[in-house]
Structure formats: C-alpha cells, structure tokens
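Fold and geometry: a report
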Amino acid sequence: MALFLDAGGDPRASATRLADVLAVYGAIGDAAFGNPPGFALRKATAAVSFARIAGSEPDECDAIYFAGIMHAIGAIGNPAFRKGERLSDRHARMESWDTPAMGARVCEELAPLPRPTADLVRWQAECWDGTGYPDQLRWHGIPQSAMILAVADAFTRAAEPEDALATVAMQSGRAFSPEIARAFTMWFHMAGGEPTPVEPPIDALVNVRPDTAASLIDAIADRIDAHNGVEGRWRRVERLAQQAGTILGLDATEAANLSIAVRFYGSGEIAEDELSEASFDPLARLGIDDRASHAAAAAS
C-alpha cells in the first residue's frame, strides 16, 4: 500500500503506480458490468498475445493492453447498472449499449493513456450493429486493434479455449471479419490457446506526474459513490477517519492505508443489489453482516 507515499521523483515509479491504479479501475469496471474477477486483465493479456501474432506494431499493442484493462469502466455510473435505478429490461439494455462510449470518454480524460486507447474502448463494441445483418460495410472502418479486442473478449468469456475457437469460426463473416477470424485461428494453433504473459507497458504512459495516481484514486472514489447513489460519502468518512487516526496516533503508513481503504470501500457494494445503508435491520445488528460481506468484496 504505497500509493500515497513519496516516489522520490522517480518517473518510472510514478508510472508503475499509475498502472496499478488503472488495473484496479478496470477491476471495478468489471464488477459494475457483472464480469468475473480478473476478466479485464485476462482480456488485455489475450488481446496483446493475439495482436503480436497478428502483426500489430508495439505502440498498437500498448494501446490494446490499456483498452483491454479499461474496457468496462463505462459501466460505472451507467443507468443500467447504477444503484437505485428502476428500469425495465428493455430500457436497461438500451442504456447498457452506451457503456463503451461512456468508458471512452473517461479514457479520453486520462491524459497519461496512449491516445488510441479511448477510441479502442469505443470501437471494440462495433463489430456488430445490432440489426442481425452482417456489418460488412463497416469492417474496414473498424480499427484492426479494436477487432482484436472483440475477439479477445469472446476468447476470455469462453468456458474452454476450444469453445472460443468454435465461436470465432462460426461468427466469421458475421460478428468478426474473415481476416481477423483467420488470424485468431492461426494464433490459437501457434500459441496452443494459451496467451503469453504480458507486463504492463508502463513506458507507454506519458506525462505522468508524481500526484497522478492519487488524483485518479480520488476520481475513481467519486465515481464509485455516484454509482452507488451516495455522492461524497468517502469524503465525509475520510474526514472522520483521519480525525480518529490522529487521536489514535497512526503513523504515516497506517494513515496512507486508511486513506486507500476509505476510498475503495464502496467498490465492495458496486456489484450488490443494495447498499449497506439500505439494508439496516434492528434485529440484524444494523446490517453488520452486509457490511462485512461488502468489505470483503472491496478487499478482494
């Protein structure tokens, strides 16, 4: 837990710290969208492994990695997933279609990310136009990197690697262009369906200041509270927690850990149907069981 400690002016340490925060952001987006834990990281790894065999340039692979990590962050705050929304299934489905565009806008505001990242977050959902007809006219307008991410998504969602191979082959000429489907088949047989481990491309992050990670953590915490319908909660809890910490004599490391815990506690509620505050029951010790389960989810 060194996110708030002084990096000593080392730009690489600041970039590494920011990459860690982006990975956490992606995990929270997965939780909001309903993906299993670790989905974004597995998707990013598979996409880069596939892209390298498909002939993508190194800078394209860097953008693909971060777009894979951030692919679902548009779900945070989307009305289809936000707490307290009472939408019909049809309305919720329509709202969920805006998830990629909302995520792209968030990525566009994150200056350190490679510039193509936002476009890829948006475009990776454009392999199918929703009409039921092949979207052939648009295949050549969709960046290859975005189609690689779409295939990686299908691969990551498959129960078994062989299922992904069959799915992509069946959707060749429909959801995926034939060229990308052929490249995926080649990658699958060359790699044995096992993505190569990928290190976060921290050198691709630009204009990273020592305070960038801390500022992003605050922004994530604000989005979590807004998503949960309790805007500003972490800031109120932070004030009270730090006052208590001062009285108890917490040292700098303990105070930093406390600050992070305060900001990310709400992430444990992001995938739940209701907040702890909404589930209080005088006969159940003021919802302590719910609070404990939310805290465990946030810690995870």
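Residues numbered from 1 in each chain as written. Predicted model: local features only at pLDDT ≥ 70, side-chain atom pairs only at ≥ 80, totals over all residues. Heavy atoms only, no water.

1. Points about the overall build of the protein chain
This is how the line gets drawn: Numbered from the N terminus, helices here are DSSP runs of H or I no shorter than four residues, and strands are runs of E no shorter than two. Burial classes: relative accessible area under 20% of the type maximum marks a residue as buried, over 50% as exposed, and values in between as partly exposed (1.4 Å probe, protein chains only). Note on contacts: a residue pair is in contact if any heavy atoms of the two residues lie within 4.5 Å. Computed with a 1.4 Å probe, the accessible areas rest on the Shrake-Rupley method; for each residue, only the protein chains presented here act as cover.
Of regular secondary structure, the protein chain possesses 14 helices and 0 strands. The buried share of the protein chain, reckoned over its 300 residues, is 44%. Residue pairs in contact within the protein chain that sit at least 24 positions apart in sequence constitute 70% of those at least 6 positions apart. About 15,300 Å² of surface is accessible on the protein chain, with carbon and sulfur atoms providing 55% of the total.

2. Section: unusual backbone geometry
Positive phi values are uncommon outside glycine, yet Asn207 reaches one of about 50°. Of the residues examined, Asn207 reaches a relative accessible area of 63% and is grouped as exposed.

3. Brief notes about the confidence of the model for the protein chain
We apply this condition: pLDDT gives the predictor's per-residue confidence on a scale running from 0 to 100.
Of all residues in the protein chain, 87% attain a pLDDT of 70 or more, and the chain-wide mean is 87. Per-element mean pLDDT across the protein chain ranges from 56 in helix α7 (residues 136-139) up to 97 in helix α3 (residues 58-69). Here residues 130-135 scores under 50 on pLDDT; set against residues more than four positions off or in separate chains, the count is 9 contacts.

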